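Now for the letters of each chain:
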Amino acid sequence: MYEISPAQKQYLKKHRRDKQFVSAMRVLIFAAFLFLWEISARAGWIDSFIFSSPCQIGKTFLEMCMDQSLFSHIGITLIETLVSFLFTVVLGVGAAVLLWISSRLSRILEPYLVVLNSLPKSALAPLLIVWLGANVRTIIVAGMSVAIFGSIINLYTGFMEADPEKRKLITTLGGTKKDELLKIVLPSSVPLILSTMKVNIGLCLVGVIIGEFIGARRGLGYLIIYGSQTFKLTWVLMSIVILCIIAMALYGILSLLEKYCLKHI
Amino acid sequence: MKPLLEVRDVSLSYHTLSGETAALSRISFDLMPGEFLAVVGPSGCGKSTLLNLICGLLTPEEGSILMDGKPVQTQTSRIGYMLQKDHLLEWRSIYKNVLLGLEVRREITPEKTALIDEMLRTYGLDKFRNARPSQLSGGMRQRAALIRTLVLKPDLLLLDEPFSALDYQTRLNVSDDIGTILRKEGKPAILVTHDISEAISMADRVIVLSSRPATVRSLITIDLDLPDRTPMASRNAPGYKRYFNLIWKELNEHV
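Along each chain, residues carry numbers from 1 onward, in the same order as the chain's sequence is written. Lettering of chains starts at A and numbering of ligands starts at 1, both following the order in which they are written. In keeping with the model being predicted, local features are shown solely for residues with a pLDDT of at least 70 and side-chain atom pairs are shown and tallied solely at 80 or more, while totals for entire chains, interfaces and linings include all residues.

**Student:** How do you make sense of the overall build of chain A when you look at a structure like this?
**Tutor:** Numbering of helices and strands runs from the N terminus; a helix is a DSSP stretch of H or I covering at least four residues, while a strand is a stretch of E covering at least two. The helix and strand tally for chain A stands at 12 helices and zero strands. Taking 265 residues into account, the globule formula puts the C-alpha radius of gyration at 18 Å, and chain A, at 24 Å, lies well above it. Dimensions of chain A, computed from C-alpha atoms along their principal axes, come out at roughly 75 × 70 × 30 Å. Put simply, a residue is buried when 20 or more other C-beta atoms lie within 10 Å of its own C-beta and exposed when 12 or fewer do; between those, it is partly exposed, and each C-beta is set from the backbone. With 265 residues in all, chain A has 30% of them scored as buried. Using C-alpha atoms as the atom set, the radius of gyration is obtained and then compared with a globule rule of 2.2 Å times the number of residues to the power 0.38.

Listed below in structure tokens is the structure:
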């Protein structure tokens, strides 16, 4: 170890302090929010029938864990999200590659992609239910429908930005268009693919919940709709909290994957 | 002796929706086996276009380009091309970068990889074979790019201002380095540059092009009468200044 100067020490200390303060404030705000919510519900400042309370949510959570009904709801939502995410990634990259290969095809399809991408996909969900039936497959398609068009456009745009000089290098070395794709375009797009995946996982979750709202008998989306219709708002709020945790966890896992991949390519 | 490369009355225009731009007009010259040719001309005159034609990336609208009496094609021809930047791929190690050409040609054989090992050793990159390009100096990167081209055993090497991205000091060192390597390997080469001194220091003959559309202004044979023609020695040779002034005048007379 080399010597650290006092000024550097001071700087590091200040930096650490600053970070600690930010983390502490985050925790504090969350705790204060929970505390205020609980107090106001107990004191009757807010109607605990419609606003519920942290303790009630916790109690319901434990009950539903006990009879194991919650796990199947969480499980089905997770599986639907992950499957639609995987399909979105594979089909998104595949479609973007096709568009990259044929610039004519991409020019022809461009307006369609733009329209499909800007369309609110929740509008499609009722149609999907009618066409494909109220089953898991439909919900997976609903999840994909939210993420796929944007990810195709994103990936294709990224692929097109691959350094033309590097592609020329492949040609001058005697390579083909396939080599350009495999040696230049795809490897240089790894960071883009990873960041698109990070966005997609959240979008797929959105699509899955929309699908579950309309045509499911299980899943967190179903739990939310059922809870709101039967005025079990504790159920609704608990599901939302679980969704928050799931969304954070999925994003976190992909961030770790991204970090790992970028380090090891 | 039969020329290695024959460029005959080559013309080319670029076509865009807003019109047609003539880039090259009736260019002709020969390249002898083992000869080092430099092409100088004002910037934007079509020098790079000329190289793209020679290696088959573009096809001449008129005239012909023959190598060993046959038309060139990128897929099959043995023409090495060094671009303005080294274009080493950051996600590959130096060894993997050098291997790229063999990889895309599907020519990885034990003999070829042995050749890579040998060249990495000869040109001082052996220690860096597993390093990433960003860990190398500008000069070493250019050397790696040169090895990437040379392991394909090209019959002809095209250099498109390969030193222009480097700072002045590195540039002198690298051009000296590369020039010496090419002389040692006895490779015929065509160097495109806007740097007159670089052209004189490296080439046997210099072609001066006019501004767009490029035509051949003059062909100047560089005879510096040196026992060992390294680029550095050439820059200090007594005849160097005379050639410099000659080419300078040729370039400026026709602007």
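Okay, back to it.
**Student:** For this particular structure, what's the right way to read the overall build of chain B?
**Tutor:** Summing up its helical and strand segments, chain B has eight helices and 10 strands in all. The C-alpha atoms of chain B give a radius of gyration of 18 Å, which matches the 18 Å a tight globule of 255 residues would have. Seen through its principal axes, chain B has C-alpha atoms that stretch 50 × 45 × 40 Å. A buried classification covers 41% of the 255 residues belonging to chain B.

**Student:** Explain the domain arrangement of chain B to me, please; I cannot follow it from the model alone.
**Tutor:** The parts lose accessible area when they come together, and the size of an interface is often stated as this lost area. Residues and elements named next belong to chain B. Taken domain by domain, chain B comprises domain 1 (1-78 + 161-255) and domain 2 (86-153). In this entry, domain limits derive from an automatic or database-based domain assignment. Look at where the C-alpha atoms of domain 1 and domain 2 centre, and you get two points 25 Å apart. We call Asp, Glu, Lys and Arg charged. Ala, Val, Leu, Ile, Met, Phe, Trp, Tyr, Cys and Pro are nonpolar, and the rest, Gly among them, are polar. Here the side of domain 1 that touches domain 2 is built from residues that sort into five nonpolar, two polar and three charged.

**Student:** I keep staring at helix α1 (residues 6-43) of chain A and nothing clicks. Help me out?
**Tutor:** Structural remark: α-helix, 3.6 residues per turn; residues separated by three or four positions point the same way. Residues and elements named next belong to chain A. To estimate the expected span of a helix, count its residues, drop one, and scale the result by 1.5 Å. Taking 1.5 Å per residue as the helical rise, α1 with its 38 residues ought to reach 56 Å, and the 53 Å between its terminal C-alpha atoms agrees with that figure. With zero of its 38 residues buried, α1 lies for the most part at the surface. A positive phi of about 85° marks G44, the residue just after α1.

**Student:** Quick question: what am I supposed to make of the packing of helix α8 (residues 164-172) of chain A against helix α9 (residues 177-188) of chain A here?
**Tutor:** In a packed pair of helices, the relevant descriptors are the angle between the two axes and the axis-to-axis distance. Residue and element names in this part refer to chain A. Between α8 and α9, the least distance of the axes is 10 Å, while the angle of their chain directions is 130°. Relative to α9, the element α8 lies oblique. The handedness of the crossing between α8 and α9 is right-handed. Where α8 approaches α9, its residues K166, R167 and I170 are matched on the opposing element by D179, E180, K183 and I184. Here the contact of α8 with α9 is composed, by residue class, of two nonpolar, no polar and five charged. For every element, the axis is a line fit to its C-alpha atoms; helices are fit only across the contacting stretch, and the angle between N-to-C directions ranges from 0 to 180 degrees. Any angle between 65 and 115 degrees counts as roughly perpendicular, while under 35 counts as roughly parallel, over 145 as roughly antiparallel, and the rest as oblique. Throughout, a crossing is termed right-handed when the near helix is turned clockwise from the far one, and left-handed when it is turned anticlockwise from it by less than a right angle. Residues are defined as contacting one another if the C-beta atoms placed from their backbone atoms lie within 7 Å.

**Student:** Whenever I open this one, unusual backbone geometry confuses me. Can you help?
**Tutor:** Keep in mind that most residues, glycine aside, have a negative phi and that most peptide bonds are trans. Cis geometry is found at the peptide bond from R212(B) to P213(B), where omega equals -5°. Its location among the elements puts P213(B) in the loop between β9 (205-209) and β10 (216-221). Non-glycine residue S52(A) carries a positive phi angle of around 55°. Positioned with a positive phi, R26(B) is a non-glycine residue whose angle comes to about 45°. With respect to the helices and strands, the residue R26(B) is situated in strand β2 (residues 19-31). Of the residues examined, R26(B) has 14 C-beta atoms within 10 Å and is grouped as partly exposed.

**Student:** Just checking my understanding: could you explain the pairing of strand β3 (residues 36-40) of chain B for this structure?
**Tutor:** Successive residues of a regular strand alternate their side chains across the two faces of the sheet. Residue and element names in this part refer to chain B. Among the five residues that make up β3, five are buried, leaving the element largely enclosed by the rest of the structure. Any two strands with at least two DSSP-identified bridges between them are counted as paired. One ladder, built from five bridges, connects β3 with strand β8 (residues 189-193); its direction is parallel. Counterpart to F36 in the pairing with β8 is A189. With four bridges joining them, β3 and β9 adopt parallel strand pairing.

**Student:** Explain the interface of chain B and chain A here, please?
**Tutor:** Taken together, the contact pairs 14 residues of chain B with 14 residues of chain A. It is helix α2 (residues 94-104) of chain B that contributes the most residues to the side of chain B that touches chain A, three residues altogether. Of the residues that constitute the side of chain B that touches chain A, the class distribution is eight nonpolar, four polar and two charged.

**Student:** Looking at this structure, how should I read the pairing of strand β1 (residues 5-16) of chain B?
**Tutor:** Residues and elements named next belong to chain B. Alignment of β1 against β2, held across nine bridges, turns out to be antiparallel. Residue pairing for β2: S13 is matched across the bridge by A22. Across five bridges, the pairing between β1 and strand β4 (residues 62-67) is antiparallel. Of the residues in β4, the one forming a bridge with R8 is S64.

**Student:** So what exactly am I meant to see when it comes to the sheet that holds β9(B) here?
**Tutor:** The strands making up a sheet associate through backbone hydrogen bonding, with each pair oriented either parallel or antiparallel. Residues and elements named next belong to chain B. Pairing within the open sheet is mixed, and its six strands lie in the order β6-β7-β8-β3-β9-β10. Each edge of the open sheet carries a strand with a single partner, namely β6 (79-82) and β10. Averaged over neighbouring strand pairs, the angle between their axes works out to 15° when direction is ignored. Lying over the sheet, helix α8 (residues 240-253) contacts β3, β9 and β10, oriented at roughly 175° with respect to β10.

**Student:** Hey, could you run me through the sheet that holds strand β5 (residues 70-71) of chain B in this one?
**Tutor:** All names here are of chain B. The strand order β2-β1-β4-β5 describes an open sheet built from four strands, whose pairing is antiparallel. Either end of the sheet is taken by a strand with one partner, and the two such strands are β2 and β5. Against the sheet, helix α1 (residues 47-54) touches β1, β2 and β4, its axis set at about 65° to β2.

**Student:** Would you explain α2(B) in this entry?
**Tutor:** If you check which residues of α2(B) are buried, you get I94(B), N97(B), V98(B), L100(B), G101(B), L102(B) and V104(B). Those residues of α2(B) that are buried are in contact with α8 and α9 of chain A together with α3 (110-122) and α4 (138-150) of chain B. Phi turns positive one or two residues past the end of α2(B), at R106(B), with a value near 50°.

**Student:** Could you clarify how one ought to interpret the nonpolar core in this entry?
**Tutor:** In a soluble, globular protein the nonpolar side chains are often hidden away together inside. The term nonpolar core refers to a group of buried residues, namely Ala, Val, Leu, Ile, Met, Phe, Trp, Tyr and Cys, whose C-beta atoms join them within 7 Å. Counting 118 residues, the largest nonpolar core has V39(B), L158(B), I190(B), L191(B), A203(B) and V206(B) as the members making the most contacts within it. Tallying contributions element by element places helix α7 (residues 136-160) of chain A first for this core, with 13 residues. Setting aside residues up to four positions removed in sequence, I190(B) forms contacts with L31(B), L37(B), V39(B), L51(B), I54(B), L158(B) and L159(B).

**Student:** It is not clear to me how the confidence of the model for chain B should be interpreted in this structure. Could you clarify?
**Tutor:** All names here are of chain B. You can read pLDDT as the predictor saying how much it trusts each residue, on a scale of 0 to 100. When pLDDT is averaged along chain B, the result is 84; 98% of the residues meet or exceed 70. Mean pLDDT values over the elements of chain B span from 79, in helix α7 (residues 231-236), up to 92, in α2. The ipTM assigned to the predicted complex is 0.82, against a pTM of 0.83.

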